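Chain residues, written in single-letter form:
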Amino acid sequence: EGKVLILATVHDTFPKPAQSKSFMVSFSSLELALRFRRNVCLNNSIDLPISAEYMDRDSFDVIDQAGRLMANVIKITGMTGGLLGAMWTAKTKVESLPIDGADLWVDKLMHFFNFIAPAILPSRFQKAGLEMDHHLIVTDRKS
């Protein structure tokens, strides 16, 4: 009763473009963001962007305030360098210690360092993110 099973597979449906370019477009209202998405991003099926991701002000603030440290580590070392995996392994080992509160130590430490880590976004995107409440990250083929 009340159980749902969802099976999904991921398939490449379009060839990967040789080059792509991403844009962050910020809006003062959700209505403007939706109109832009409908009239610019989705206006014809021949020239669809690769992606058009919506982000509201709360998401922007959470990423900025809680994701700076990890985003800077990824920016410096990359996703495949092995450091990320080692950091995750160390985090899970500390969290599994049989000490009261150990499951929160690493998160609290990372939260502290987030405030001293540099902002991950370029300054003009950071400024737009603080001034506007609705954002679209649009990735398109580079022509």
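This text goes with the structure placed above it.
This text gives an overview of the structure that appears in the document. Every value quoted in this text rests on a predicted model; they were computed, and no experiment measured them.

On to the overall build of the protein. Secondary structure assignment for the protein yields six helices and three strands. Computed over C-alpha atoms, the radius of gyration of the protein comes to 20 Å, more than 25% over the 15 Å expected from 2.2 N^0.38 for 143 residues, which places it beyond the range of a compact globule. Referenced to the eigenvectors of the C-alpha coordinate spread, the extents of the protein come out at roughly 55 × 45 × 40 Å. Out of the 143 residues in the protein, the part that is buried amounts to 20%. When the accessible area of the protein is evaluated, it comes to approximately 11,100 Å², of which 61% is carbon and sulfur surface. Taken together, the 16 basic and 16 acidic charged side chains of the protein have centroids lying 8 Å from each other.

Here the focus is the nonpolar core. Counting residues in hydrophobic clusters, the biggest one holds five residues: Phe27, Ala33, Cys41, Leu136 and Val138. Other than its neighbours up to four places away in sequence, Leu136 contacts Phe23, Met24, Val25, Phe27, Ala33, Phe36, Arg37, Glu53 and Tyr54.

Our focus in this paragraph is the layout of surface pockets. What the largest pocket holds in volume is close to 210 Å³. For the largest pocket, the full set of lining residues is Met24, Met55, Phe60, Ile63, Asp64, Ile120, Leu121, Phe125, Gln126 and Ile137. Elements with a contribution of two residues or more to the lining of the largest pocket: helix 2 (57-66) and helix 6 (123-131). Counting residues per element, the lining of the largest pocket draws most heavily on helix 2, which supplies three residues.

Quick notes on the rules
Residues numbered from 1 in each chain as written. Predicted model: local features only at pLDDT ≥ 70, side-chain atom pairs only at ≥ 80, totals over all residues. Heavy atoms only, no water. Helix = DSSP H or I, 4+ residues; strand = E, 2+ residues; numbered from the N terminus. Rg over C-alpha atoms; globule rule 2.2 N^0.38 Å. Buried < 20%, exposed > 50% of the residue type's maximum accessible area, 1.4 Å probe, protein only. Areas by Shrake-Rupley, 256 points an atom, 1.4 Å probe, with all protein chains shown as cover. Lys, Arg positive; Asp, Glu negative; His and termini not counted. Charge placed at Lys NZ, Arg CZ, Asp CG, Glu CD. Core = buried A, V, L, I, M, F, W, Y, C linked by side-chain atoms within 4.5 Å. Contact = heavy atoms within 4.5 Å. 1 Å grid on protein atoms, 1.4 Å probe; cavity = no way out; pocket = protein on both sides within 12 Å on 5 of 7 lines; lining within 4 Å. Points joined across faces, edges and corners; volume = space filled by probe spheres on them.

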